[in-house]
Amino acid sequence: MTRTDRTVDFAVYPPERQGSGGFDGGRITEMKPIGFPGEGSAVTRIGPLFYWAWATSQGYGKIGLHPHRGFEIMSYVLDGEIGHRDTLGTVSQVKTGGAQVMQTGSGISHEEEFFGSPTDMFQIWFEPELGEAVKRAPSYREIHHKDFPVIQKDGIREKQLIGERAPVSLVADAMMQDVIIEPGICYQRRLLAGKNLAVVAISGKGAWKHVGCDQQLAVQARDFAVIQANEDATISVSADSTQVLRLAIIEVPREVHYPLYAR
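Everything numeric in this text was worked out from a predicted model, so none of it was measured. (Residues numbered from 1 in each chain as written. Predicted model: local features only at pLDDT ≥ 70, side-chain atom pairs only at ≥ 80, totals over all residues. Heavy atoms only, no water.)

**Here we look at the overall build of the protein chain**
Inference 1: The secondary structure content of the protein chain amounts to 1 helix and 21 strands.
Inference 2: For 263 residues, the compact-globule estimate of 2.2 N^0.38 gives 18 Å, and the C-alpha radius of gyration of the protein chain, at 18 Å, lies within 12% of that figure.
Inference 3: Principal-axis analysis of the C-alpha atoms places the extent of the protein chain at approximately 55 × 40 × 35 Å.
Inference 4: When the 263 residues of the protein chain are sorted by exposure, 54% land in the buried category.
Inference 5: If you take every contact in the protein chain between residues at least 6 apart in sequence, the share linking residues at least 24 apart comes to 72%.
Inference 6: Placing the 27 positive and 32 negative side-chain charges of the protein chain at their respective mean positions leaves the two points 1 Å apart. (Helix = DSSP H or I, 4+ residues; strand = E, 2+ residues; numbered from the N terminus. Rg over C-alpha atoms; globule rule 2.2 N^0.38 Å. Buried < 20%, exposed > 50% of the residue type's maximum accessible area, 1.4 Å probe, protein only. Contact = heavy atoms within 4.5 Å. Lys, Arg positive; Asp, Glu negative; His and termini not counted. Charge placed at Lys NZ, Arg CZ, Asp CG, Glu CD.)

In structure tokens form, the structure reads like this:
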């Protein structure tokens, strides 16, 4: 589903237009709002936002040791618990609302574990300037739910995950929030020209619109929305009157000043 006016372009991709994958003999399944080429995702990149997978397990699952280099990778736990081991010697576990962040630099290998039934988590990759990133030493950070600032006002709860006021700061230009909107409440934000929003509806349903335009675009749980500002604009999303709407929102530039990796 798409809607375009001169100022803002909206597109909503339901699960069947997203990619899919799995690990550990199917114990871990993935829906991929942004996937690698050939994985079935309608979207394969938004500026420096390179990959976004929603991984689920119904019990224990493991992804064995594998390497990464250059990219910045955040794993954010929606429900359950995940574990991490890496070649820096790190052994780490975070629970619901926590995150693990790797700035993979010159190279790091890690393995991942899923605990609980279910465990749901996002894994999201961002691309800094790789020619510079691979010269930096790799690093790992663990952030627990209580360490993320939360702003709560007028029926909206906004948890700051990446960027301004958040404990996670990346080299890549990106901001991320986990936003909960009470039934019937409208959430607004300013979006500058040249910026894009990538939004996964975690639960609930609602409708997007460009403030000042009457047309709306419906969204429901597991839909992926991409919103592009051609001019400075205010956009809004209203939660349905019967249920809470929860969104993961990432803001990135449409274009960056450095060459991007050709996959």
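**Considering the packing of aromatic side chains**
Inference 1: According to the stated counting rule, one finds 14 aromatic pairs in the structure shown.
Inference 2: In textbook terms, an aromatic cluster arises when at least three aromatic residues are bridged by ring pairs, as seen for Phe 36, Phe 50, Tyr 51, Phe 71, Trp 125 and Tyr 261.
Inference 3: A cation over an aromatic ring shows up here: Arg 222 above the ring of Trp 54, its NZ or CZ 3.9 Å from the ring centre. (Phe/Tyr/Trp six-rings, centres within 6.5 Å; stacked < 30°, edge-to-face > 60°. Lys NZ or Arg CZ within 6 Å of the ring centre and 35° of its normal.)

**Some words on the pairing of strand 2 (residues 8-13)**
Regular strands place side chains that alternate from one sheet face to the opposite one.
Inference 1: Among the 6 residues that make up strand 2, 6 are buried, leaving the element largely enclosed by the rest of the structure.
Inference 2: By the alternation rule, side chains of strand 2 split into Val 8, Phe 10 and Val 12 and Asp 9, Ala 11 and Tyr 13, which are all buried.
Inference 3: As defined by bridge partners, strand 2 adjoins strand 19 (residues 224-229) across 6 bridges and the pair is classed as antiparallel. From the neighbouring strand, Ala 11 faces strand 19, where its bridge partner is Val 226. (Pairing = 2+ DSSP bridges.)

**With respect to the sheet that holds strand 20 (residues 233-239)**
The strands that make up a sheet are held in pairs by hydrogen bonds between backbone atoms, and each pair lies either parallel or antiparallel.
Inference 1: Spatially, 4 strands are ordered 15-20-17-18 in an open sheet, and the strand pairing comes out antiparallel. Looking along the sheet, the strands with just one partner apiece sit at the ends: strand 15 (186-191) and strand 18 (217-220). Strand-to-strand twist of the sheet, defined as the mean angle between neighbouring strand axes without regard to direction, takes the value 25°.
Inference 2: Across 6 bridges, strand 15 lies against strand 20 in antiparallel orientation. Paired with Gln 188 across the bridge in strand 20 is Ser 236. (Axes fitted to C-alpha atoms, helices over the stretch in contact; angles between N-to-C directions.)

**Brief notes about the pattern of salt bridges**
Inference 1: Enumeration according to the criterion identifies 12 salt bridges in this entry.
Inference 2: Asp 24 is the salt-bridge partner of Arg 27, the closest N and O atoms lying 3.1 Å from each other.
Inference 3: A relative accessible area of 28% places Asp 24 in the partly exposed class.
Inference 4: Arg 165 is the salt-bridge partner of Glu 164, the closest N and O atoms lying 3.5 Å from each other.
Inference 5: Classification of Glu 164 by relative accessible area gives exposed; the value is 53%.
Inference 6: Through salt bridges with shared partners, a single network forms among Glu 30, Lys 32 and Glu 39. (Salt bridge = Lys/Arg side-chain N within 4 Å of Asp/Glu carboxyl O.)

**Some remarks on the nonpolar core**
Inference 1: With 34 residues, the main nonpolar core has Leu 49, Trp 52, Phe 122, Phe 126 and Phe 224 as its most contacted residues.
Inference 2: Sequence-distant contacts of Phe 122, that is, excluding residues within four places in its chain, are made with Trp 52, Ala 53, Trp 54, Met 74, Ser 75, Tyr 76, Leu 78, Met 176, Val 200, Ile 202 and Ala 248.
Inference 3: Among the nonpolar cores identified, the runner-up in size contains 24 residues, and Ile 156, Val 179, Val 237 and Leu 245 belong to it. (Core = buried A, V, L, I, M, F, W, Y, C linked by side-chain atoms within 4.5 Å.)

**Looking at unusual backbone geometry**
Inference 1: One non-glycine residue, Asp 24, adopts positive backbone phi at about 55°.
Inference 2: Its location among the elements puts Asp 24 in the loop between strand 3 (19-23) and strand 4 (28-34).
Inference 3: In this structure, Arg 165 takes a positive phi of about 70° despite not being glycine.
Inference 4: Counting through the fold element by element, Arg 165 comes out in the loop between strand 13 (156-162) and strand 14 (175-181).

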